[in-house]
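Structural overview
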Amino acid sequence: MQTKYNKITGETCMRTVHSSGLTIDIVKKPGKNRKTAMLAAKFGSINREFEYNGKFITIPNGTAHFLEHKLFEGKNGNAFDFYAKTGAKANAYTSNDRTAYYFICTDKFEENLSILLSFVSNPYLTDKNVEKEKGIIGQEIKMYDDEPSWQGYFGLINCLYGTHPVKYDIAGTVEDIAPITVDTLMSCYNTFYHPSNMVLAVVGDVDEKEVLKLCDKYFTAGKNININQKIPKEPQGVIKQYSEKIMPVSRPIFYIGIKDNDTELSGTDLAKKETEIEMLMEILFGPSTAFYKELYNEGLINSEFDCSYEMSDTFAFCLLAGESGKPFEVLERVKHEINEFLSVGLSKQRFIQVRNTLYGKLISSCDNVAQISNMLISSEFSNREPFDRAEILANITPENIMARAKKLFMPLDISISVIKGE
Amino acid sequence: MQYSTYMTDSSIIRCDIFSDKFKTDYICIKFFMPLNKDTATEIALLSAVLKRGNQKFPTMDKIEAYLEQNYGASLNISTSKSGELQDLSFSVQFLSDKFAIENEPIGKNMVDLLFSVIFEPITQNGGFDELFVKQEKQNLKDKIASLINDKGAYSIEKCKQIMFDHENYGVYELGDINRLDSITPVSLYKFYQSVLSSAALFINYAGIQRDTEELLNPICQRLESTSRTLPHTVIKNDVKDVKNITEEMNVAQSKLNLGFRLGDAAQKDLFAAKMFNVIFGSSPTSKLFMNVREKLSLCYYCSSVCDSLKNVMFVQSGVETQNVDKAQKEILNQLECMKNGEFSAEEFDNARAYLIDAYIQAEDSLSAISTMQTASYLAGHKLTAQQQIEQINKVTYERVINVAKGVMLDTVYVLKGIGGEKDAD
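Residues numbered from 1 in each chain as written. Chains lettered and ligands numbered in written order. Predicted model: local features only at pLDDT ≥ 70, side-chain atom pairs only at ≥ 80, totals over all residues.

**Considering the overall build of chain A**
Filter applied, for reference: Helix and strand definitions follow DSSP, with helices as H or I runs of at least four residues and strands as E runs of at least two, each counted in order from the N terminus. When we talk radius of gyration, it's over C-alpha atoms, and the globule rule is simply 2.2 Å times the number of residues to the 0.38. Each residue is classified by how many other C-beta atoms fall within 10 Å of its C-beta atom, where C-beta atoms are placed from the backbone; a count of 20 or more means buried, 12 or fewer means exposed, and values in between mean partly exposed. Whether two residues are in contact depends on their C-beta atoms, placed from the backbone: they are in contact if these lie within 7 Å.
Of the regular secondary structure elements, chain A holds 15 helices and 17 strands. By the compact-globule yardstick of 22 Å for 422 residues, chain A fits well, its C-alpha radius of gyration being 22 Å. Its C-alpha atoms give chain A principal-axis dimensions of about 60 × 50 × 40 Å. Out of the 422 residues belonging to chain A, those deemed buried represent 52%. Across chain A, the fraction of contacts at a sequence separation of at least 24, relative to all contacts at a separation of at least 6, is 82%.

**Here we look at the sheet that holds strand β4 (residues 74–82) of chain B**
Residues and elements named next belong to chain B. Our working rule: DSSP bridges decide pairing: two strands pair if at least two such bridges lie between them. Note on definitions: angles span 0 to 180 degrees between N-to-C directions of axes, and those axes are lines fitted to C-alpha atoms, for helices only across the stretch in contact.
Taken in spatial order, the six strands make up an open sheet running β1-β2-β8-β3-β5-β4, and their pairing is mixed. On the outer flanks of this sheet lie β1 (2–7) and β4, each paired with one strand and no other. In this sheet, neighbouring strand axes are inclined to one another by 15 degrees on average, regardless of whether the strands run parallel or antiparallel. With seven bridges connecting them, strand β2 (residues 12–18) and strand β8 (residues 200–207) associate as parallel partners. Within β8, the position partnered with arginine 14 by the bridge is isoleucine 203.

**Notes on the interface of chain A and chain B**
Filter applied, for reference: In this classification, the charged set is Asp, Glu, Lys and Arg, the nonpolar set is Ala, Val, Leu, Ile, Met, Phe, Trp, Tyr, Cys and Pro, and all remaining amino acids, among them Gly, are polar.
Taken together, the 58 residues of chain A in the interface contact 55 residues of chain B. Put simply, the parts of the chain that give the side of chain A that touches chain B at least two residues each are α2 (79–86), β10 (99–105), α4 (127–145), β13 (242–246), α10 (290–297) and α12 (348–365) of chain A. In terms of residues, the side of chain A that touches chain B owes the most to one element, α12 of chain A, which gives ten residues. Grouping the amino acids of the side of chain A that touches chain B by side-chain chemistry returns 21 nonpolar, 19 polar and 18 charged.

**Focus on the domain arrangement of chain B**
Residue and element names in this part refer to chain B. As a reminder, the rule being used: These domain boundaries are the output of an automatic or database domain assignment.
Annotation of chain B at the domain level lists domain 1 (2–222) and domain 2 (243–417). Here the C-alpha centroids of domain 1 and domain 2 sit 29 Å apart. Across the contact, 28 residues belong to domain 1 and 26 residues belong to domain 2. Here the element with the most residues in the side of domain 1 that touches domain 2 is helix α5 (residues 151–163); it accounts for nine residues.

**What about the packing of helix α1 (residues 40–52) of chain B against helix α7 (residues 185–198) of chain B?**
All names here are of chain B. We apply this condition: Comment on the angle field: the value is read as roughly parallel under 35 degrees, roughly antiparallel over 145, roughly perpendicular from 65 to 115, and oblique elsewhere.
One can describe the packing of α1 onto α7 by two numbers: an axis separation of 11 Å at closest approach and a directional angle of 95 degrees. In terms of axis orientation, α1 runs roughly perpendicular to α7. Every residue of α7 that contacts α1 at Glu42, Leu45, Leu46 and Val49 is listed here: Leu188, Phe191 and Tyr192.

**Some details on the domain arrangement of chain A**
Residues and elements named next belong to chain A. The domain boundaries assigned to chain A delineate domain 1 (2–230) and domain 2 (242–420). Distance from the C-alpha centre of domain 1 to the C-alpha centre of domain 2: 27 Å. Of the residues lining the interface, 39 residues belong to domain 1; the matching set on domain 2 comes to 31 residues. Mapped by element, the contributors of at least two residues to the side of domain 1 that touches domain 2 are β2 (11–17), β3 (23–28), β4 (35–41), β10, α5 (148–160) and β11 (198–204). Per element, the largest residue contribution to the side of domain 1 that touches domain 2 is ten residues, and it comes from α5.

**Considering the sheet that holds strand β5 (residues 49–52) of chain A**
All names here are of chain A. Taken in spatial order, the three strands of this open sheet run β6-β5-β12, and their pairing is antiparallel. A strand with exactly one partner marks an edge of an open sheet, and here the two such strands are β6 (55–58) and β12 (229–230). In this structure, β5 lies alongside β6, joined through four bridges in antiparallel fashion. Opposite glutamate 49, over in β6, you have threonine 58 as the bridge partner.

This is the structure we're talking about:
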């Protein structure tokens, strides 16, 4: 096991690649009660076309999420039945680029890990239980159909993206999932749930030797596989500048997106870009900015306003979301702010202030085992060093930020999605 | 982890939780007032106005810049209800001093900030800043109206309003749009002074061991008072007629909400009631999850939540409109099973493990452990997490059945979906 100590956060990460190809990251937290393990496959809603048994297939939208629902089910009951005995809190999620299964516990860590590895490595799929799941997922989809925030968010993604599969809803539609069968799910499982396409992240006061022993039990040694898949590359520019949807809401909700076309990066370069853009968002639109204060005072935004950066290794965009009676005025002000910034530049003082904020948040996040495990998975999937942000923050300069701003905002690919009341 | 909870001579409930396993520290100051329709709007409005600025940090961006200078510390001012109590809460979470690059005293800086926010608001003509109040009245109006955006939250709030139409528990903690017009900067300021001088008060610190007397002294000194009493929640343990209300809305999925009174046995036996809730509906192996979702495939979520201070329980589920009756029938059927003692030793043991794990997990979060200490004080038992675990371990099968037998359905509220949404483009 390779051990790396990060001086700034005081955390140590142990890393190894198991003989099966599985990457294992362990961060020990002596004295903490909570212990967590997260097993993730690099398989999300964007992985739709791949080679299987010698030919390319395209799976229905929502398949990755459907498989997530099914893998916690076994011949002798579902995973929750087993976790119920240990008291662990378990769950799973599917995003654009991954499916992750995890538990957080305070006791019987090894038994809990054993349950996790056993379920995810032994799919139990029958025609009957696949059909049953369609009812449950159908209601999950309908719940999201009624959620203005989700509808607004996906409305924006469909303005920004026309080719990249991030444009498809993660759960699919009721019609999308109807044709899913055991075979569909197994073709995905056999391809994307190969250990060499997965990462296990463990955080807490655990014994690493026991973790390795359990991995030996559930994963057999073998060659890495090379997944031959197609993720269509997104051209520059937006598809639509505007979309709207009418739903029962009290006042309009808006989602403004700025497309980041610089998506060919990985490793440290990707980590640097992420840090630069997160700082940039805070510098331009964070709660300590004149922009925020002015729009708030004018009643154009309220405390719901938030800005963030959504990123994976094949797509990325900045998001500004909130409620406003005049969403288009907000959009104009955002554009104006960006132009101002590009011409005026960044003061050293402001730069240091925002950098310290990110530094403080990074260290604070180490108090939360779940945040660390998610960070470990993200780092591995994009070939980054865990806790690499600490070093990046220490070395970043105002010039880096300005150069990034020019790259991100020139030309400015911006769209707005609005949910309006009836 | 070391706990100490005590009441000071000036009736402030102080709680210190010391641990060296965190990289952050946490301070929370909570004022508790009776929940009622005459003051709920004021309390909600206060939480917004006080965030806007004070004499030392006159605008929001100045407060935010100060938080940024202190390594991204967070300040939260909010209100919530527990039982028939409404709190006005000020909390800060911040990096422990030892991580400061230039040895800045972050903890002390945060106490300075809290002091300014609480005691030095901007005043004008004997009231709060007029513009702040005017703008925050509009924001609160929008916020109350926006409850409808979240159909789950909206429908459970409606269920509560119907169920508690003659009880203070039915008051929405963000208040009432119709009351906003009568609130003036002067009336709000006067009300705030009464909160400071007479509301029940908890001051919690959680984090690295330090002299909290010295740290918090500036704040505690200003809050000396002799007349702080904890408000009381009125519990009703009988149901005459079950109320059934259905409302239609243009949504894809119907929301089923059931309100229950937990009854005498639950009121007297808090820990058995907690076990009942987990076995019945609040865990992913509960009867509701296993039957309504897994077996009948009727929904994505179906779960129960209790408020033990008010001795009530709510069950929520999102279902297809044609399945509303079927889901309701199954939920009530599962409650019958509980009453008949039809739950296995395994379900019982699982619930115990689930609860114990939750207590131990809370000890890994500063805000969670602080909240738990306050809740145990409000509940009256004043037990620590470890002591509550001992109580859970003593609960018997019979005590849970006894609780189940007392549970009564009070209100059924259905938000009935008619059709889907329309596309505008």
